[in-house]
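Geometric and topological summary
What follows is each chain in one-letter form.
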Amino acid sequence: MYKAGVKGLNGGIDLPLPELKSHLRFCDDGLSSEEAETRLRQYGFNEIAREKSLSWMRRLWNHLKNPLVILLGVLGIVSWVTSDISSALVIFTMVVLGIVLRYFQEMRADKAAEKLKAMVRTHATVVRDGKSSELPLQQLVPGDLVMLGAGDMIPADLRLLSAKDLFVNQAALTGESLPVEKSEKAAELHSDNPLELPHTCFLGTNVVSGTAKAVVVNTGDRTYFGALAYSIAGEREPTSFDRGINRFTWLMIRFIFVMVPAVFLINGFVRHQWLEAFLFALAVAVGLTPEMLPMIVSVNLSKGAIAMSRKKVIVKRLNAIQNFGAMDVLCTDKTGTITRGKIVLEQHMDIRGRPSGKVLDYGYLNSYYHTGLKNLLDDAVLEHEELEAALNIKAAYRKVDEIPFDFERKRMSVVVQDGSGRHILICKGAAEGLLDVCTMMDDNEVINPMGPKDREGCLQMVHEMNGKGFRVVALGYRRFEGDGRKAVYKVGDESELVLMGFLSFFDPPKETASEALGRLNKMNVRVKILTGDNEAITCHICEQVGMSTEKVLLGPDIGKMSDQQLAAQVDDYIIFARLVPAHKRRIIKALQQNGHVTGFMGDGINDAPALKCADIGISVDTAVDVAKESSDIILLENSLLVLEQGVAEGRSVFGNIIKYIKMAASSNFGNMFSVVGASAFLPFLPMLPIQVLTNNLLYDFSQTTIPTDKVDEDWLVKPRKWTIDELLRFILFIGPVSSIFDYVTFFLLWTVFHAGHNPALFHTGWFVESLCTQTLIIHVIRTNKIPFIESRASWQLMVSSVLIVAAGVWITVSPLASYLGFVTLPSLFWVFLALILVAYVLLTQAVKSWLFRRWENRAGGLPLIHSEMKESG
C-alpha cells in the first residue's frame, strides 16, 4: 500500500522531477518500442490484483470445514459403521440441507478485484518512437509518455510534466464531490495522503477538463489503485457471526468430550456390556449435538434475506444478516449517505450577504453562455431552469465573446449584449483573484468605490462560508457602451469590474438524514463519520444533522498513531476526516478490537478495503462495482432509513437462532446430567439408543418452525451479539432444572410404578416425559416475558409443538412401539406427568426471570451505548 513518510512514495512519484526522470530513464520523444517491450517483461502488464473466483469444490469445502459439520459428519460415519443406519441418515440429512442451502445462497462470490480490472479495459494516448498512438492500458510501462484530455481515464499513476486547465475527478478514490485542480508545479506532501499531491494523477480517476502531458511512474499492482485491489483480494476475515458460531460449536464439543466418555465408562463398568455402552454413548453424543443448528441458522438467515429484499435491501452474504442486528457502531462516508452526493446552489447573495436575485440572474447568464465542458458548479446554477424563461435569454441577450478559464487567473468571463445594445462582461471566479480586478461594488443597486476595508470584509465573509463547507465563487461585471464595445474581448478587459456578490455551493444533507440518525440512535447504533473531506466541511454537515462536532480526529494524526493508541482513542471520536483508505480500515479494526460489531457504509473505490474488513459492509445500488462486490448488503435506496429496518430484521433473525441454541443446548445438557446419574444407579440402560435417537429426531422436528416465530419488541432495542459467557450461564442454570424433573420421574417410575423390574416401562416413561418437557420448554425460553400470557409463539411453532408431543405419545402405543421397545404407560402416570409439566414450566420461568434480572438487565451481555446525538429542541 502507498505510504508517505519515506523518501519517495511507491515508485518515487514524489521525487523532484529531474531525479524522477533520471530514475525512469525518461525520453522526451517517448520510449522506443524495444525499450517498452523490455520494461513490459520487467514490470509486467498494467493490470491490478485479480481475485480468483472460487471453484465449486473450494466453495463447498469452505462450508464443510465448519467444526459442527465435521463433528456431525464423524458421528454420522460412526453410526453408519456400527449399523445404526437410521440415525446416520438423520444426521446426514440435516448436514446436507444446511450446506446446500448456504451454497446456493452464496453463489455470488466476491469478485471485487475482477470488477476493478474490468474498469480499466480501455486505451491511452502514448508517445513511443516519437509518435503518438492509442495503446491498450495493459501495455503501459513506467517511463511511458502519455497525453491526457477531457474525458480520459487516468491510465496509471502519473507525474505531470505540463498541464493546462486540468481538473481531475477523484471521487472514486476520495469521495470528494468536486474535481480537483492539477498542475505540473512541484509541491511538498504535508500528510500521508498521496492523493493531495497536485502534480500527480492516479489510476481510477478521470480528466474532467483540460489537457496534460505526463510520465508513467507506477503500473499494475504498484499503483495506488492496485494497492487497494490487492488489499481486498483473497478470502474475507471471519465476522462476528462466524466467530460466535465457532465458539458455540467448540463449547458443545468440549461438553461432548467430557460427558460422552463418562457415560460410556459408567455404563461399561456398571453393566460390563461394552458394545451396548458404546452404542448408548454414541446416541448420547448425537443427542448432545445440536445437529439442527446448520439448518436452523440457514433457514432463519434465508427467511431474513427474503424479508429484507422486500424492504429494498439485498443480502449478498447470509451471515451478514445477524451481523446487521449485532452492529453497535456504524461507520459511514459523508458523501451520498449523509449528504445528497450532489452539488447544489445554496445561496446567491450580494456583498453584504443578503439574498440577491440579480446575482442569480447574472450567474445564470454566465453559466448558460459558458461553452466547453461545464463543471459541477455550472450544472448547479443551470438547475434553475425557470430563469431561462424569466430572463427571456434567447430573445433578450446575445453572446458576444468568452474569455476562458485558466489556472493563473482562476476565473472566466462571458460577454453578452442586452436589449439596449450594450455589452456586459460577467466574470465568475475565485473570490481573492476576482476581488483584485474589482474597483467598484454594487451595494443594493448603488455603485460605490471599493476600499481596502470593503475588500477585507468580503474576504472574511467568504472565509467564514468556506469554513462551513461552502464552495464560494465571486461575481463581478463591467458594462461597455457605445464605442467602448468590442468584437473580441481579452483578459485585459477583466479590469475595473463592479463586484456584484457571491454564489455559494454545497453538498447538502439529505432530508431524511436527521430522522434516520435519530432512529439508529434509539436502536443503540452509534454512528461515526469517516470521510476524505476536510474537517470544516464535515463538521458543518454533521452539525446540520444533529451530530456532535466537539472532537475530530484527522487522517494525518491517525498516521502517527500505533494500532494500540488508535484503539484507545477511537471510541472517543465521532468524526474522522481527511482519511485515506488505509485509515478507514485501521479505524474499523480498532473498533473491532474494542469489542464492537462494526458496520461500514460506502460507495467508492476508496471504501472497498473498509467494506471488506467490517463485520457488515453496506453499499448502495449506485455505488461503483468494486464497492458493491466488497459489501455484504446492498441498499436499493441510498437512505439510512432503510438501514433501521435492516437492523431490526437482523436482530429478529438472531433472536430466533439464539432461541434454538439456548433451548437445544440447555435441554440436551440437562438430559446428559440425567443420563449420567441414571446410568450410575440403574441396572439397565436409562434409555435404549434407538429411543434416544427417536426422541432427538422428534424434538428436532418440533424446532423447525422456530424461524416463523416472532421476536419481542424489547429484544429489538439493543444490539445483539454472541456472548458465550451468557450462553454458558444459561445452560448451567436452566439445564439442571430439567434434570430435577427427570430425577422426579425416575423416582416415581422406580417407587410408584416399580419400573426397576420393568426396563421397558422405565424407558417409555422417561421418553414421554423428556419429549414433553423439551418440546414445551421452548415456549418458556423463547421470551423474557411470561409465556402464553405476555408473549405467545407463532401459530406454526405452537402447532408443531402439539403435533410432536402427540406423535411421541402415539408412538408408545402404535405398531412401532414393540420395535422401539415401548410399552403402554399406566393411567396414573399421565396425572403425575401433568403435574411435572406444570411445575417444570413454573420453575423454569422463575429461574429464567431471576437470570434476566440478575444479568440481562444489569448489562444485557452488551456494552452500554451512549447517545452521541445532540439533544434536539
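How each quantity is defined
- Residues numbered from 1 in each chain as written.
- Predicted model: local features only at pLDDT ≥ 70, side-chain atom pairs only at ≥ 80, totals over all residues.
- Heavy atoms only, no water.
- Helix = DSSP H or I, 4+ residues; strand = E, 2+ residues; numbered from the N terminus.
- Contact = heavy atoms within 4.5 Å.
- Areas by Shrake-Rupley, 256 points an atom, 1.4 Å probe, with all protein chains shown as cover.
- Phe/Tyr/Trp six-rings, centres within 6.5 Å; stacked < 30°, edge-to-face > 60°.
- Buried < 20%, exposed > 50% of the residue type's maximum accessible area, 1.4 Å probe, protein only.
- Lys NZ or Arg CZ within 6 Å of the ring centre and 35° of its normal.
- Pairing = 2+ DSSP bridges.
- Core = buried A, V, L, I, M, F, W, Y, C linked by side-chain atoms within 4.5 Å.
- Axes fitted to C-alpha atoms, helices over the stretch in contact; angles between N-to-C directions.
- Parallel < 35°, antiparallel > 145°, perpendicular 65-115°, else oblique.
- Polar contact = N/O pair within 3.5 Å; in protein donor to acceptor, adjacent residues only side chain to side chain.
- Salt bridge = Lys/Arg side-chain N within 4 Å of Asp/Glu carboxyl O.
- Expected span 1.5 Å × (residues − 1).
- Arc of directions from axis to C-beta.
- Left-handed = near helix turned anticlockwise from the far one by under 90°.
- Patch = residues over 30% accessible without salt bridge, like charges linked within 9 Å, V, L, I, M, F, W, Y side chains within 5 Å.
- pLDDT = per-residue confidence, 0-100.

**A few points about the overall build of the protein**
A tally of helices and strands in the protein yields 33 helices and 23 strands. Sequence-distant contacts, at least 24 apart, represent 75% of the contacts inside the protein between residues at least 6 apart. Accessible surface for the protein amounts to roughly 35700 Å². Of this, 58% is attributable to carbon and sulfur atoms.

**Remarks on the packing of aromatic side chains**
Tallying each qualifying case throughout the model produces 19 aromatic pairs. When the centroid spacing of 5.4 Å and the interplanar angle of 55° are considered together, the rings of F733 and W850 count as tilted. One end of the pair, F733, is in helix 29 (residues 724–751); the other, W850, is in helix 33 (residues 827–856), and 117 residues separate them in sequence. Its relative accessible area of 32% is what places F733 among the partly exposed residues. On the basis of relative accessibility, which here comes to 33%, the residue W850 falls in the partly exposed class. Lying over the aromatic face of Y362, K358 brings its terminal NZ or CZ to 5.9 Å of the ring centre. Lying across the ring of Y573, K551 places its NZ or CZ 4.7 Å from the centre.

**Side note on the pairing of strand 14 (residues 438–443)**
By the bridge criterion, three bridges tie strand 14 to strand 17 (residues 497–506) in an arrangement that is parallel. From the neighbouring strand, M440 faces strand 17, where its bridge partner is V498. Remark: two residues form the turn of the hairpin made by strand 14 and strand 15 (residues 446–449), two consecutive strands paired antiparallel; N444 in that turn has positive phi of roughly 60°.

**Topic: the nonpolar core**
Of all hydrophobic cores here, the largest spans 151 residues; its most connected members are F324, L499, F502 and I633. Here this core takes 18 residues from helix 27 (residues 640–681), the largest share from any one element. Non-local contacts of F324, meaning those with residues more than four positions away in its chain, are made with M308, V313, I616, I618, I633, L643, G646 and V647.

**Quick word on the sheet that holds strand 20 (residues 575–577)**
Pairing is mixed across the open sheet formed by eight strands, whose spatial order is 8-23-22-21-9-18-20-19. A single partner strand is all that each edge strand has here, and the edge strands are strand 8 (313–315) and strand 19 (552–554). Put simply, the sheet's adjacent strands are angled 20° from each other on average, direction ignored. Sheet analysis places strand 18 (residues 526–530) next to strand 20, joined by two bridges and oriented parallel. Its bridge partner lying in strand 20, I529 is registered against I575. The strands that helix 21 (residues 535–544) touches are strand 18, strand 19 and strand 20; relative to strand 20, the one it contacts most, it runs at about 150°.

**Digging into unusual backbone geometry**
Backbone geometry at E496 places phi at a positive 50°, although glycine is not the residue there. The residue E496 is located in the loop between strand 16 (471–480) and strand 17 in this model. Here E496 falls in the exposed class, since its relative accessible area comes to 52%. The backbone phi angle of F788 is positive, close to 70°, even though this residue is not glycine. If you trace the backbone, F788 turns up in the loop between helix 30 (759–781) and helix 31 (795–811). Relative accessible area serves as the criterion here: at 37%, F788 is assigned to the partly exposed category.

**Concerning the packing of helix 12 (residues 319–326) against helix 27**
Two numbers describe how helix 12 lies on helix 27: the axes approach to 7 Å, and their chain directions differ by 105°. Overall, the two elements helix 12 and helix 27 adopt an arrangement that is roughly perpendicular. Contact residues: I321, Q322, F324 and G325 in helix 12; L643, G646, V647, G650, R651, V653 and F654 in helix 27.

**Considerations on the environment of L24**
Summarising the element assignment, L24 is placed in helix 1 (residues 17–24). Judged by its relative accessible area of 6%, L24 is buried. Considering only alpha carbons, one finds L24 and V216, 192 residues apart in sequence, at a separation of 8.8 Å. Leaving out residues up to four positions away in the same chain, L24 has contacts with R39, P142, G143, V215, V216 and V217.

**Description of the side chain of R782**
You can see R782 is positioned in the loop between helix 30 and helix 31. A distance of 2.6 Å separates the side chain of R782 from the side chain of D709, its partner in a polar contact. Side-chain polar atoms of R782 contact the side chain of S791, separated by 3.0 Å. In contact with R782, not counting residues within four places along its chain, are K659, D709, K710, S791, R792, A793 and L797.

**Examining the pattern of salt bridges**
Side chains bearing opposite charge may pair, as long as their charged atoms lie close to each other. One pass over the full model with this rule turns up 22 salt bridges. Ionic pairing is found between R519 and E644, a salt bridge with its closest N-O pair at 3.1 Å. One end of the pair, R519, is in helix 20 (residues 513–522); the other, E644, is in helix 27, and 125 residues separate them in sequence. Connected via shared salt-bridge partners are D350, R352, R354 and D443.

**Quick look at helix 19 (residues 452–467)**
If you check helix 19, its first and last C-alpha atoms are 22 Å apart, about what 16 residues at 1.5 Å a residue would give, namely 22 Å. All buried positions along helix 19 are accounted for by C458, L459, M461, V462 and M465. Angular distribution of buried residues about the axis of helix 19 spans 155°; they occupy a single face of the element. For helix 19, the exposed residues set more than 90 degrees away from the buried face come down to P452, K453 and E456. Contacts made by the buried residues of helix 19 are with strand 10 (344–350), helix 18 (431–436), strand 16 and strand 17. Within two residues after helix 19, G469 carries a phi angle of roughly 100°, on the positive side.

**Digging into the packing of helix 29 against helix 30**
The description of two packed helices rests on the angle between their axes and on the distance between the axes. One can describe the packing of helix 29 onto helix 30 by two numbers: an axis separation of 10 Å at closest approach and a directional angle of 150°. Taken as a pair, helix 29 and helix 30 cross one another with a handedness that is right-handed. Facing helix 29, whose interface residues are F730, I734, F741, D742, T745, F746 and L749, helix 30 presents L761, F762, G765, W766, E769 and I781.

**Things to note about helix 12**
Three or four residues apart is the spacing at which side chains of an α-helix point the same way, because the helix has 3.6 residues per turn. The buried fraction of helix 12 amounts to eight of the eight residues, a majority that puts the element mostly inside the structure. Buried within helix 12 are the following residues: N319, A320, I321, Q322, N323, F324, G325 and A326.

**Some details on a nonpolar patch on the surface**
Residues V752, L828, V831 and L835 make up a contiguous nonpolar surface patch of about 340 Å² in total accessible area. Note on placement: L835 falls in helix 33.

**Here's the deal with the environment of P736**
One can find P736 in helix 29. Measuring from C-alpha to C-alpha, the distance between P736 and M672 comes to 9.6 Å, with 64 residues separating the pair along the chain.

**Re the confidence of the model for the protein**
Looking at the protein, the pLDDT average stands at 81 and 86% of residues meet or exceed 70. Per-element averaging of pLDDT across the protein places helix 6 (residues 112–119) at the bottom with 39 and strand 13 (residues 423–429) at the top with 95. Taken as a whole, residues 108–121 scores under 50 in pLDDT and shows 42 contacts with residues more than four places along the chain or in a different chain.

**A short note on the environment of R585**
Among the secondary structure elements, R585 is positioned in helix 24 (residues 581–593). In this structure the C-alpha to C-alpha distance between R585 and K612, which are 27 residues apart in sequence, comes to 8.9 Å.

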